[in-house]
Amino acid sequence: MSWEAYSANCIGISDRAFLEALGRVSIPPRPLDELWPTYPLKKKLFAERATSGNIVSDETKALLQDLSGIPLAVVTSSATSEISAILKAEKILDCFQATVYGDEVTNLKPHPEPYLTAMQRLGVNSAIVLEDSGPGMASGRAAGCEVIEVKHASDVPGLLRARLNGQLG
């Protein structure tokens, strides 16, 4: 699957839906029940690679430090075991006052539940959402949040600093 196809169709969806999409573009096409047994291997490989470090840029880590004192949350459709491991390995989990993982909500993005849950956990009634997927942007908007589209993770510090108009260091 090309990066363009992956980014257009697979970011922000569940692993099950991703495997279904992958099966549809395989030659020959493969049904989900044939691919699903490979899921534990995917989780293992992901954990090994994701916790090796250097996933979060120094610029993003500096931004998180500049935002200390502002309530922050991570909202993801991915499982707790996958994302919390990255946040711990990068030593940034403590920068967030709330986390909402895909295995903690009934309805994944594009439903507003993930962002509504985050706002409830933070004790806020409005939020700025940084999102890299169509379902995520729809979720944030449905929850009444201001949404900033992120094309690449490296864009986050600049986008947020620009939005906050120099209110940060």
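The structure displayed is predicted, hence computed values, not measured ones.

### Overview of the packing of aromatic side chains
A full pass over the atoms with the stated rule returns one aromatic pair. Judged by centre distance (4.7 Å) and plane angle (10 degrees), the rings of Trp36 and Tyr39 are stacked. The ring of Trp36 carries the charged tip of Arg16 above its face, separated from the ring centre by 4.6 Å. Just above the ring of Phe46 sits the side chain of Lys42; from NZ or CZ to the centre is 5.0 Å.

### A look at the pairing of strand β3 (residues 128-131)
Residues Val129 and Glu131 of β3 are buried on one face, while the alternating residues Ile128 and Leu130, pointing to the opposite face, are not. Sheet topology places β3 next to strand β4 (residues 146-149); four bridges connect them, and they run parallel. For Ile128, the partnering residue across the bridge sits in β4 and is Glu146. In terms of handedness, the path from β3 via helix α8 (residues 134-142) over to β4 forms a crossover that is right-handed.

### A word on the nonpolar core
If you look at the biggest cluster of nonpolar residues, it comprises 18 residues, and the most contacted ones within it are Leu64, Leu67, Ile83, Leu87, Ile92 and Phe96. Contributing elements (two or more residues each) for this core: α5 (58-66), α6 (80-89) and α9 (156-163). The leading source of residues in this core is α6, at three residues. Once residues within four sequence positions are removed from consideration, Ile83 is found in contact with Val74, Thr76, Ser78 and Tyr101. Among the nonpolar cores identified, the runner-up in size contains 11 residues, and Val105, Tyr115, Ala143 and Cys145 belong to it.

### Comments concerning α9
Considered for burial, the residues of α9 that qualify are Val156, Pro157 and Leu160. Viewed along the axis of α9, the buried residues span an arc of 95 degrees, placing them on a single side of the element. Residues of α9 that are buried make contact with α5 and β3. Phi turns positive, to about 50 degrees, at Asn165, one or two residues after α9.

### Observations regarding unusual backbone geometry
Of note, the amide linkage connecting Ile27 to Pro28 takes the cis form, showing an omega dihedral of -5 degrees. Within the secondary structure layout, Pro28 lies in the loop between α2 (15-25) and α3 (32-35). Look at Lys91: it is not a glycine, yet its phi comes out positive at around 60 degrees. Within the fold, Lys91 resides in the loop between α6 and β2 (98-100).

### Considering the packing of α5 against α9
Contact pair α5 / α9: the axes reach a minimum separation of 9 Å and the direction vectors enclose 35 degrees. Residues Glu59, Thr60, Ala62, Leu63 and Asp66 of α5 pack against Val156, Pro157, Leu160 and Arg161 of α9. Here the residues of the contact of α5 with α9 sort into five nonpolar, one polar and three charged.

### Overview of the pattern of salt bridges
Summed over the entire model, instances satisfying the criterion amount to 10 salt bridges. The partner of Glu104 in a salt bridge is Arg121, with the nearest N and O atoms 3.1 Å apart. Separated by 17 residues along the polypeptide, Glu104 in the loop between β2 and α7 (113-122) and Arg121 in helix α7 bring together distant segments of the chain. Taking relative accessible area as the criterion, Glu104 reaches 36% and is therefore assigned partly exposed. One connected set of salt bridges, linked through shared partners, spans Asp15, Lys42 and Glu82.

Reading the values: rules and limits
- Residues numbered from 1 in each chain as written.
- Predicted model: local features only at pLDDT ≥ 70, side-chain atom pairs only at ≥ 80, totals over all residues.
- Heavy atoms only, no water.
- Phe/Tyr/Trp six-rings, centres within 6.5 Å; stacked < 30°, edge-to-face > 60°.
- Lys NZ or Arg CZ within 6 Å of the ring centre and 35° of its normal.
- Buried < 20%, exposed > 50% of the residue type's maximum accessible area, 1.4 Å probe, protein only.
- Helix = DSSP H or I, 4+ residues; strand = E, 2+ residues; numbered from the N terminus.
- Pairing = 2+ DSSP bridges.
- Right-handed = clockwise from strand over helix to strand, strands pointing away.
- Core = buried A, V, L, I, M, F, W, Y, C linked by side-chain atoms within 4.5 Å.
- Contact = heavy atoms within 4.5 Å.
- Arc of directions from axis to C-beta.
- Axes fitted to C-alpha atoms, helices over the stretch in contact; angles between N-to-C directions.
- Nonpolar A, V, L, I, M, F, W, Y, C, P; charged D, E, K, R; others polar.
- Salt bridge = Lys/Arg side-chain N within 4 Å of Asp/Glu carboxyl O.

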